[in-house]
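Structure assessment
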Amino acid sequence: YSIDLMIEEHKNILAVIKVMRPVCCGILEGKPIDEEDFRNLIYFARTYADRHHHGKEENILFRDMSEKLGNAAQTLIRHGMLVEHDLGRFYINELEKALNRYAQNPDTETKLDILARTAQWSDLLTRHIEKENEAVYPFAQRGLSKDVLQKIDEEVHLFEIKAEQAGIQKTNLHILQTLSEKYA
């Protein structure tokens, strides 16, 4: 359940990334920066991709993988997945700073920073998702016992209930739908 859910969340993250490419291309072709679209991307990246999705990975799945699967899992998680999670946070923070600068002074160099940070985050997450889907999650499924996987499923289920009560999924899937329809 939990890994299938995380793979579904990856599809939603990739869908937002797919939308942002034509947004950035449009800006390169002379369209204005739609600040709301980028603010929505930042919100989605922070609340859905990071706190919601990465929260389950870091606090549940990766924790149990590190505890139960030894040095290989610890190295993969600590020096691979967590480093990339932090790098994604950095790109989103830098995107927000650039967007704030652009709101005060809409110059070409700051526009470049907005496009660069969006592309960096998008490329990082695309590669990161592929690694998790193709290597990390199968490693967890092969290596963790059924009991541990069941415990992970139960914790993820509780995590999902709390997030649903807070409206995390609904709000972010609405952002995805709105952006997708706007740039279809």
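Residues numbered from 1 in each chain as written. Predicted model: local features only at pLDDT ≥ 70, side-chain atom pairs only at ≥ 80, totals over all residues. Heavy atoms only, no water.

**Looking at the packing of helix 2 (residues 35–68) against helix 6 (residues 168–182)**
So the rule is basically this: Angles here are taken between N-to-C directions and fall from 0 to 180 degrees, while the axes themselves are lines fitted to C-alpha atoms, restricted in helices to the stretch in contact. Every helix listed is a DSSP run of H or I at least four residues long, and every strand listed is a run of E at least two residues long, numbered separately from the N terminus. Here the word oblique covers every angle except those under 35 degrees (roughly parallel), over 145 (roughly antiparallel) and from 65 to 115 (roughly perpendicular). A clockwise turn of the near helix away from the far one marks a right-handed crossing, whereas an anticlockwise turn of less than a right angle marks a left-handed crossing. Only heavy atoms enter the contact rule, under which two residues are in contact if any of them lie within 4.5 Å.
One way to put it is that helix 2 packs onto helix 6 with a least axis distance of 10 Å and a crossing angle of 140 degrees. Between helix 2 and helix 6, the interaxial angle falls into the category oblique. Taken as a pair, helix 2 and helix 6 cross one another with a handedness that is left-handed. Contact residues: helix 2 offers D37, N40, Y43, F44, T47, Y48 and H52, while helix 6 offers I168, Q169, T171, N172, L173, I175, L179 and K182.

**Topic: the environment of K151**
Under the convention used in this document: Three exposure classes are used, based on accessible area relative to the maximum for each residue type with a 1.4 Å probe and protein chains only: buried under 20%, partly exposed in between, and exposed over 50%.
Along the polypeptide, K151 turns up in helix 5 (residues 146–166). According to the relative accessible area criterion, K151 is partly exposed, its value standing at 34%. For the pair K151 and R89, spaced 62 residues apart in sequence, the C-alpha to C-alpha distance is 28 Å. Leave out the neighbours within four places in its chain, and K151 touches R63 and D64.

**Regarding the environment of I60**
Within the element layout of this structure, I60 appears in helix 2. Classification of I60 by relative accessible area gives buried; the value is 5%. With 91 residues separating them in the primary sequence, I60 and K151 have C-alpha atoms 9.3 Å apart.

**As for helix 1 (residues 2–28)**
Our working definition: To estimate how far a helix should reach, multiply one less than its number of residues by 1.5 Å.
For helix 1, which comprises 27 residues, the first-to-last C-alpha distance of 39 Å matches the rise-based estimate of 39 Å (1.5 Å per residue) to within 8%. G30 sits one or two positions beyond helix 1 and adopts a positive phi of about 110 degrees.

**A look at the pattern of salt bridges**
What counts here: By salt bridge we mean one thing: a side-chain nitrogen of Lys or Arg within 4 Å of a carboxyl oxygen of Asp or Glu.
Per the stated rule, a full pass over the model turns up 17 salt bridges. Between E8 and K11 there is a salt bridge; the shortest N-O distance is 2.9 Å. Placement of both E8 and K11 in helix 1 is noted, with a separation of 3 residues, approximately one turn of the helix. For K11, a relative accessible area of 47% corresponds to the partly exposed category. Residue K151 pairs with D64 through a salt bridge whose shortest N-O separation is 3.0 Å. Residue K151 is found in helix 5, and its partner D64 is found in helix 2; the two are separated by 87 residues along the sequence. Exposure remark for D64: the relative accessible area of 1% places this residue in the buried category.

Note that every value here comes from positions in space, so none of it alone points to a role or purpose.
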